[in-house]
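# Chains, contacts and geometry: an overview
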Amino acid sequence: IPIHNHYRTKELTKKELEDLHKCIKSPSLFGELTTECIPIYRDAIIYYNELNEPIAWLSICFECNKLYFSNKEKGVKLNVSYKTVDCMESILKNGI
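Residues numbered from 1 in each chain as written. Predicted model: local features only at pLDDT ≥ 70, side-chain atom pairs only at ≥ 80, totals over all residues. Heavy atoms only, no water.

Quick look at the packing of aromatic side chains now. Taken as a whole and assessed by the stated rule, the structure comprises 2 aromatic pairs. A centroid spacing of 6.4 Å and a plane angle of 45° characterise the contact between Tyr 41 and Tyr 68, whose relative ring orientation is tilted. Highlighted residues: Tyr 41 in the loop between α1 (14–25) and β1 (43–48) and Tyr 68 in strand β3 (residues 66–71), separated in sequence by 27 residues. Residue Tyr 68 is classed as partly exposed on the basis of its relative accessible area, which comes to 27%. With 6.3 Å between their ring centres and 70° between their planes, Tyr 47 and Phe 69 make a pair best called edge-to-face. Of the two residues, Tyr 47 is situated in strand β1 and Phe 69 in strand β3; the sequence distance between them amounts to 22 residues. Taking relative accessible area as the criterion, Tyr 47 reaches 17% and is therefore assigned buried. Look at Phe 69 and you get partly exposed, because its relative accessible area is 31%. (Phe/Tyr/Trp six-rings, centres within 6.5 Å; stacked < 30°, edge-to-face > 60°. Helix = DSSP H or I, 4+ residues; strand = E, 2+ residues; numbered from the N terminus. Buried < 20%, exposed > 50% of the residue type's maximum accessible area, 1.4 Å probe, protein only.)

By the bridge criterion, 6 bridges tie β1 to strand β2 (residues 54–61) in an arrangement that is antiparallel. Its bridge partner lying in β2, Tyr 47 is registered against Ala 56. Judged from the 6 bridges that link them, β2 and β3 form a sheet pairing that is antiparallel. From the neighbouring strand, Ala 56 faces β3, where its bridge partner is Asn 71. Between the end of β2 and the start of β3, which pair antiparallel, lie 4 residues, with Asn 65 showing a positive phi angle near 60°. (Pairing = 2+ DSSP bridges.)

Here you go:
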């Protein structure tokens, strides 16, 4: 149940999406210590197919440096470094 009705959305350009994937895939951004807090996923990236149906999503907790990637079949928790989260945040917050 949402706490409030104020949500900000942004459609990523192809370049922003590519840059975001580089943040997540870059081995140099992994390996730092992460927090042991319980993540509260306040941000998300939703992937749509050609019919504009959601097919996968990436839930993000910027405070805990945790990502949760899910599709309709399974989910994967990812602990990433603060560098990864900073990289992602710079792309996602640009223009919002």
